[in-house]
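# Structural characterization, general
The chain contents come next:
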Amino acid sequence: MGRHGSIGAHERCDVTESVELNHDGHGGGDDATRRDFIHIAAGAAAVGAGVMMAWPLVNQMNPAADTLALSTIEFDLTKVAEGMQVVIKWQGKPVFVRYRTPAELATIKAEGAVGSPPETDADRTKAGHEQFLVVIGSCTHLGCVPTFNSGDYGGWFCPCHGSHYDASGRIRKGPAPRNLDVPTYEYVSDTRVRIG
Amino acid sequence: MSDHESTYVPKTGIEKWLDSRLPIIRFGADYMALPTPRNLNYWYTFGGILMLCLVIQIVTGIVLAMHYVPNTEMAFASVERIMRDVNGGWLIRYVHANGASMFFIAVYLHMLRGLYYGSYKAPREIIWILGCVIFFLMIATAFLGYVLPWGQMSFWGAEVITNLIGAVPVVGEPLLIWLRGGPAIDNATLNRFFSLHYLLPFVIFGVVVLHLWALHTSGQNNPAGVLIPKERTAKDTLPFHPYFTVKDGFAIILFLILFALFVFYMPNALGHADNYIPANPLVTPAHIVPEWYMLPFYAILRAIPDKFGGVLAMFGAIGVLFVIPWLDTSRVRSMRYRPTMKVFFVIFVIVGLGLGWCGAQLPDAQVVPGMPSFMLLDGQLNSYLWLTRLLTAYYFAFFLIIMPWVGLKETPLPVPASVSEPVLDGGIPEKKG
């Protein structure tokens, strides 16, 4: 809305000459008026209310309480035979529990820190339980489940885009950006682990 | 040609009454009388075909939603129930599933037509950009829909595609969990995908309205690529109805024959057998491939050795389409008069098909079986990996280098002064007597 000259405003609003006002009540000068304040305050309140209304609509897509409640499971390690792996489901994702053979362990230990980021096998297992490897069985590239005991490094091979992992779950070749993730887990006894 | 005068005259009392309150009959009548360039060829019928595709998908989709259950325990079984028990359910589902493929066949031809005849150039940039928005929404809708049957390909397709978002630095991981509604693809994901799959077609419909509004404002392009000045409207255009409704109608019949061929004789030819195995989060199918219409973009994704780089390249391949109006420096719209560009265009079409072919192959497989080759950086030279990279390079070079460069350097053929000049020398003669 264009500002009117003070003469026109005087005529229309019929106010005394000493108070310069436009017909919409704005001051003639640059001073903020009560109306400016109301505009800004109302605008800010509307934006604030809009954001507060929008947030639940956005946040409802985050994991629900019952989904989060499924966050730990326990697993009995006696179910895994030496040289084999068991795939269990944790939080909807596959988890590999692999019982490595002495030959596999020897190969891995000899390699030292490799993969991305470079890690030794000891970084990825619990002391005293080095024969067991617990990793999340989703390829860190695009989430396919790598196949057991295949690929060029004796670990896993992802059929989707050709990533090769070794028997410590470290990425050795292919497009995957990271080693297979090790979930948070602990030994509750010598033969039981709690994942999550 | 765009701002043509309304020729509708309400005849009956009720039409006059309605016309002064809601001039909806006038809107329809003016739409049908729209002056349309008389030289449009059959490549211009895909707009109408696409409108039909959208209506078919919405109608069959609404019906399918009456029987489908968006729950991981029941989704697969509910789709099989539609196929076996629901009256005519098999037909409705096959029409919907193959309809998606038909939609993409039509949209690709529609886009290539626009590219060839320069339909994106001024004053039609907004039409083109809205078209790109529709294309992107179509890809999103098709992806969401493919997840719903909850077969193996549904599940692992969703896994791979949502993981693309996880490649975004810093915010990728929380964004991924937010999108999936949990740490993995699960019931929450299926539910929201169903909701969005139902929503997006109506968003597409809204953008189609804008697409047509922009089209009717700036006027239709034509194979000669010349603008039709107002004073030549009578000579160079014909009313949309009956001339082009009939032409579109004939093309629609041919298109529906192709459609019916798929629905009735090979309804699963464009799908994957693995999607008839219920989703199993613990086992990945040996060979994951997206639907055929996504293959070129999937190939581009795999061509880049870096995960986030691949994602950027894939979205960039669609994103570059949006800026074509400003990448093309040529003053001539139609490639009919651009012999040099025509060659690059034909190569581009072959490259697009080639990328689609590569997207369906294993990256390590040999292109020429048995031919010896050597290791180049991270792959054998004689592998789909390197063929894909070559084709990807051309895809981007076509838009980012060839298009601006050829436009500046080429010598186009003489462009006709009007639509009718190339047919009848000196335009259409005036009627005698």
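Rules used throughout
- Residues numbered from 1 in each chain as written.
- Chains lettered and ligands numbered in written order.
- Predicted model: local features only at pLDDT ≥ 70, side-chain atom pairs only at ≥ 80, totals over all residues.
- Heavy atoms only, no water.
- UniProt positions renumbered as here; feature names shortened; annotations may be inferred.
- 1 Å grid on protein atoms, 1.4 Å probe; cavity = no way out; pocket = protein on both sides within 12 Å on 5 of 7 lines; lining within 4 Å.
- Helix = DSSP H or I, 4+ residues; strand = E, 2+ residues; numbered from the N terminus.
- Buried < 20%, exposed > 50% of the residue type's maximum accessible area, 1.4 Å probe, protein only.
- Contact = heavy atoms within 4.5 Å.
- Polar contact = N/O pair within 3.5 Å; in protein donor to acceptor, adjacent residues only side chain to side chain.
- Phe/Tyr/Trp six-rings, centres within 6.5 Å; stacked < 30°, edge-to-face > 60°.
- Lys NZ or Arg CZ within 6 Å of the ring centre and 35° of its normal.
- Points joined across faces, edges and corners; volume = space filled by probe spheres on them.
- Nonpolar A, V, L, I, M, F, W, Y, C, P; charged D, E, K, R; others polar.

Turning our attention to the UniProt feature "binding site: heme b b562" (unreviewed entry) in chain B. All names here are of chain B. As annotated in UniProt, the feature "binding site: heme b b562" (unreviewed entry) corresponds to His96 and His197 in the numbering used here. What stands out for the annotated residues spanning 102 residues is how close their C-alpha atoms remain, the widest pair being 12.8 Å apart. In this structure, the largest cavity is lined, among the annotated residues mentioned, by His96 and His197. Checked against the element boundaries, His96 lands in helix H5 (residues 89-116). Of the residues examined, His96 reaches a relative accessible area of 17% and is grouped as buried. Relative to the helices and strands, His197 resides in helix H9 (residues 187-218). With residues up to four places along the chain from it excluded, the contact list for His197 reads His96, Thr141, Leu144, Gly145 and Leu148. A polar side-chain atom of His197 sits 3.2 Å from the main-chain amide nitrogen of Gly145.

Bringing the environment of Ser189 of chain A into the picture now. Residue and element names in this part refer to chain A. With respect to the helices and strands, Ser189 occurs in the loop between strand S9 (185-187) and strand S10 (192-195). A residue is classified by how much of its surface remains accessible, and Ser189, at 33% relative accessible area, is partly exposed. C-alpha separation for the pair Ser189 and Asp76, spaced 113 residues apart in sequence, amounts to 9.5 Å. A distance of 3.3 Å separates the side chain of Ser189 from the backbone nitrogen of Arg192, its partner in a polar contact.

Another aspect to go through is the packing of aromatic side chains. Taken as a whole, this structure holds 32 aromatic pairs over all chains when the rule is applied. Connected via pairs of aromatic rings, a cluster forms that spans Phe104, Tyr108, Phe135, Trp292, Tyr293 and Phe297 of chain B. Stacked on the ring of Tyr185 of chain A, the Lys or Arg Lys126 of chain A has its end atom at 4.7 Å from the ring centre.

What follows deals with the layout of surface pockets. Residue and element names in this part refer to chain B. When its volume is computed, the largest pocket comes out at roughly 960 Å³. Along the wall of the largest pocket there are 43 residues; nearest its centre are Gly47, His110, His211, Leu212 and Leu215. Contributing elements (two or more residues each) for the lining of the largest pocket: helix H2 (24-32), helix H3 (46-65), H5, helix H6 (125-147), H9 and helix H11 (240-265). Residue composition of the lining of the largest pocket, grouped by class: 24 nonpolar, 15 polar and four charged. Estimated volume of the second largest pocket: approximately 740 Å³. Taken together, 32 residues line the second largest pocket, and the ones lying closest to its centre are Ile139, Ala140, Phe143, Ile161 and Phe315.

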